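# Survey of secondary and tertiary structure
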Amino acid sequence: MEQHRYAGELLRVPEGSLADELGLVAGDKILEVNGMALRDIIDLSFTFADEEIDLLVEHADGEQEMISFDKDYDEELGAEFTSAVFDGIRRCANNCYFCFVNMGAPDARASLTIKDDDYRLSFLYGNFVTLTNMGAADFRRIEQFHLSPLYVSVQCMNPELRAEMLRCKRAADIAGQLDRLEAAGADYHTQVVLCAGLNDGAELERTIREIAARRPHALSLAVVPVGVTRYRTDPYPLRQFDAAGAAAVIDLAERWQKIFRAETGRTFLYLGDEFYVLAGRDVPPEDWYDGFPQLDNGIGLMRSFQKDFAEARAAAEADNALADGNATVEADDAAADGNAAAAAADTTNVYLDVVTGTSVAPMFEALARSVENEQPQLHVRIVPVENAFWGTTVNVSGLLTGRDILAALEKLDGPRTGVLIPEPALRAGEDIFLDDMTLTAFRAALPDARVEPVQGGADYYHALTNFAHYHKERAGETAYMWQSNAAYTKPV
């Protein structure tokens, strides 16, 4: 039976890579490796682990070429692809009460309307999947290629309630689906999108208890509050958490967290930062997050940011102390020579506007003031931006749009040397906001200030303390990198 042939299109071919040596260029399409059709970069990596390769390529003009060559077992192609999945993203078949994609703006770009539920993207990039669209062949492939860990949206362990929340009958079999994952040798991180009055309280207790019983296959359990935009039209009456409700969730979680830490030394159960912000409580200490296993899910972002800021400060202070000790003579000579320019550089006023979502503005404020106290020439103005695009209940920095940020900045008077914007508000790999405003257009609207993105706490510290030399280079168009053969080992 003839295999269906998909194409893995090359986006970039780095100079000096194996792909470059083979004469491949952007736009070429990989069709087969050693006669095997490819569904995704997982297949590509698995088949490319041989030392003798027959590579079927289709060039931009439609001409196909077979390239045969020898290579080392662990030598990688070194190419970057336009997509990680050559046969297309597997779409979500659920219709969840709380689906954020369904709450998108009517005129949102196409990439924001994709409801992926693809276990391959879960393995490769940490996307959460519900398991409701998986069949026996998928679990066999997980076992064959050792695809672990995965990231599973559990929501709850009550079968009837889960089927109701996801509006999918297959969702009721969550226990059986997790059993099959475990039988395939896969470990997994889990998540609960918590909806007030729906899967919280006793239902959350049940979910925590049953997921914890699946350790060590279950690696972690994150609980995040449901988000609601102004575009939601679903008839189910979702309720968001208030301060009292968030405090109750924290209290419930802390009881379990203490039990887990007593049992294994790990917290296992983690709450989204929004619960602590809502309740007016401090986020837990760094060691409570066990190395931040779900940082990309927003778990521990504030504590991680503070950690990186503190580490950058400590490193800078150590460097300064060493420089002071080694450069006393040079400093005296510079002063004696009347180095006015150097002296002036130390006293030039710097006026920075720091853009944030409303939820994290107090943290940015506190960190900025700690630096201002040491640098009198630095003047920082925190600009918490209300999200008019998605609705004011969406208060995280990563969902701010270019136009909302500009509107907030245009209301402010006074000097402005620079503007620090949250890099997560820009599309990964591209200089474009969620409302399709480009970073170039944004900068053009602020001609008298330099605009720089800030990703984490270290970036923030360096931007505050040395803005004159701070600049953040961003990558080009989103690419899907070649995966190491080590991740997909052929059975002996």
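Residues numbered from 1 in each chain as written. Predicted model: local features only at pLDDT ≥ 70, side-chain atom pairs only at ≥ 80, totals over all residues. Heavy atoms only, no water.

## A closer look at the sheet that holds strand β8 (residues 188-194)
Let me state the cut-off plainly: Two strands pair if DSSP finds at least two bridges between them. Numbering goes from the N terminus for both helices and strands, where a helix is a DSSP run of H or I of at least four residues and a strand is a run of E of at least two. Only the stretch in contact is used when fitting a helix axis, every axis being a line fitted to C-alpha atoms; angles between N-to-C directions are given from 0 to 180 degrees. What makes two residues a contact is simply this: any of their non-hydrogen atoms within 4.5 Å.
Strand order in the open sheet formed by 4 strands is β7-β8-β9-β10, with parallel pairing between adjacent strands. The open sheet has two edge strands with one neighbour each: β7 (150-153) and β10 (269-271). Ignoring strand direction, the axes of neighbouring strands in this sheet form an average angle of 20°. Along the sheet, helix α7 (residues 202-212) makes contact with β8, β9 (218-225) and β10, crossing β9 at roughly 160°.

## Concerning the confidence of the model for the chain
Definition in use: Summary of the metric used: pLDDT quantifies the predictor's per-residue confidence within the range 0 to 100.
Chain-level statistics for the chain give a pLDDT mean of 90 and a share of 90% at 70 or above. Residue range residues 334-345 is modelled with pLDDT below 50. Its contacts to residues more than four positions away, or to other chains, number 1 contact. In this model, residues 477-492 is a region of pLDDT below 50 whose contacts with residues beyond four sequence positions or in other chains number 61 contacts.

## Comments concerning the pattern of salt bridges
Just so we agree on the cut-off: Between Lys or Arg on one side and Asp or Glu on the other, a salt bridge is scored when a side-chain nitrogen of the former is within 4 Å of a carboxyl oxygen of the latter.
Enumeration according to the criterion identifies 30 salt bridges in this entry. Here arginine 261 ties to aspartate 290 by a salt bridge, and the two come within 3.5 Å at their closest N and O atoms. On the criterion of sequence distance, the pair formed by arginine 261 in helix α8 (residues 243-264) and aspartate 290 in the loop between α9 (273-279) and α10 (301-326) is long-range, its members being 29 residues apart. Sharing partners across several salt bridges, the network here consists of Arg39, Asp40, Asp43, Asp87, Asp118, Arg120 and Arg141.

## Digging into α8
Put simply, the rule reads: To estimate the expected span of a helix, subtract one from its residue number and multiply by 1.5 Å. Each residue is assigned to one of three classes by its accessible area relative to the maximum for its type, calculated with a 1.4 Å probe on protein chains only: buried under 20%, partly exposed between the two thresholds, exposed over 50%. Pairs of N or O atoms within 3.5 Å make up the polar contacts considered here, provided that, within protein, one atom can donate a hydrogen while the other can accept it, and that residues adjacent in sequence are counted only when both atoms are side-chain atoms.
Its 22 residues place the ends of α8 31 Å apart at the C-alpha level, agreeing with the 32 Å of an ideal helix rising 1.5 Å per residue. Regarding α8, the residues found buried are Gly245, Ala246, Ala247, Val249, Ile250, Leu252, Ala253, Trp256, Gln257 and Phe260. Where α8 begins, the side chain of aspartate 242 points an oxygen toward the backbone nitrogen of alanine 244, at a separation of 3.3 Å. Immediately beyond the C-terminal end of α8, within one or two residues, lies glycine 265, with a positive phi of roughly 85°.

## Concerning the packing of aromatic side chains
Put simply, the rule is: Working definition: rings of Phe, Tyr and Trp (its six-membered ring) pair if their centres are within 6.5 Å, and the pair is stacked with planes under 30 degrees apart, edge-to-face with planes over 60 apart, and tilted otherwise.
Applying the stated criterion across every chain, the model contains 19 aromatic pairs. An angle of 35° between the planes, with centres 5.7 Å apart, marks the rings of tryptophan 256 and phenylalanine 260 as tilted. Taken together, the residues span about one helical turn, with tryptophan 256 and phenylalanine 260 both in helix α8 at a distance of 4 residues. By the burial criterion, tryptophan 256 is buried, and phenylalanine 260 matches it. Aromatic side chains phenylalanine 309 and tyrosine 460 sit 5.9 Å apart centroid to centroid with 50° between the ring planes, which places their arrangement in the tilted category. With phenylalanine 309 in helix α10 and tyrosine 460 in helix α16 (residues 457-465), the pair connects residues that are 151 residues apart, well separated along the chain.

## Points about the pairing of strand β5 (residues 64-70)
Here strand β4 (residues 52-58) runs beside β5; their pairing, made up of 7 bridges, is antiparallel. Residue pairing for β5: glutamate 52 is matched across the bridge by aspartate 70.

## Some thoughts on the sheet that holds strand β13 (residues 418-422)
Strand order across the open sheet formed by 4 strands is β12-β11-β13-β14, with parallel pairing between neighbours. Where the open sheet ends on each side, the last strands, each with one partner, are β12 (378-385) and β14 (450-454). Across this sheet, the average inter-strand angle for adjacent strands is 25°, counted without regard to direction. Note that strand β11 (residues 350-357) and β13 share 3 bridges and pair parallel. Residue pairing across strands places leucine 352 opposite glycine 418, the latter belonging to β13. On the sheet, helix α13 (residues 361-372) packs against β11 and β12 and is oriented at approximately 180° with respect to β12.

## Considerations on the side chain of glutamate 182
Assignment of secondary structure puts glutamate 182 in helix α6 (residues 174-183). Residue classification places glutamate 182 among the buried positions, given a relative accessible area of 18%. In terms of polar contacts, glutamate 182 uses its side chain to reach the side chain of arginine 214, at 2.9 Å.

## Brief notes about the packing of α7 against α8
The cut-off we apply is this: Orientation is classified from the angle alone, with under 35 degrees giving roughly parallel, over 145 giving roughly antiparallel, 65 to 115 giving roughly perpendicular, and any other angle giving oblique. A clockwise turn of the near helix away from the far one marks a right-handed crossing, whereas an anticlockwise turn of less than a right angle marks a left-handed crossing. Only Asp, Glu, Lys and Arg are considered charged, only Ala, Val, Leu, Ile, Met, Phe, Trp, Tyr, Cys and Pro nonpolar, and every remaining residue, Gly among them, polar.
Closest axis-to-axis distance for the α7/α8 pair is 11 Å, and the angle between their directions is 20°. One way to sum up the angle between α7 and α8 is to call them roughly parallel. α8 is crossed by α7, and the crossing has right-handed handedness. Residues Leu204, Glu205, Ile208, Arg209 and Ala212 of α7 touch α8, and the partners they reach there are Leu252, Arg255, Trp256 and Phe260. Residue composition of the contact of α7 with α8, grouped by class: 6 nonpolar, no polar and 3 charged.

## Concerning the environment of valine 394
By the secondary structure assignment, valine 394 is in the loop between β12 and α14 (402-410). Sequence spacing of valine 394 and glycine 357 is 37 residues, and the spatial spacing of their C-alpha atoms is 8.6 Å. If near-sequence neighbours (up to four positions away) are discounted, valine 394 is found in contact with Val228, Thr229, Asn387 and Leu399.

## Regarding a negative patch on the surface
This is how the line gets drawn: Patches here are clusters of residues that have more than 30% relative accessible area and form no salt bridge, with a 9 Å joining cutoff for like charges and a 5 Å cutoff for nonpolar side chains (Val, Leu, Ile, Met, Phe, Trp, Tyr). A 1.4 Å probe and the Shrake-Rupley method give the accessible areas. Residues count as covered only by the protein chains that appear here. The charged-residue count follows a simple rule in which Lys and Arg add positive charge and Asp and Glu add negative charge, with His and chain termini not counted at all. Charge positions come from single atoms, namely NZ of Lys, CZ of Arg, CG of Asp or CD of Glu.
Negative charge collects at one region of the surface, where Glu51, Glu52, Asp54, Asp70, Asp72, Asp74 and Glu76 lie side by side. Since its relative accessible area comes to 63%, aspartate 70 is described here as exposed.

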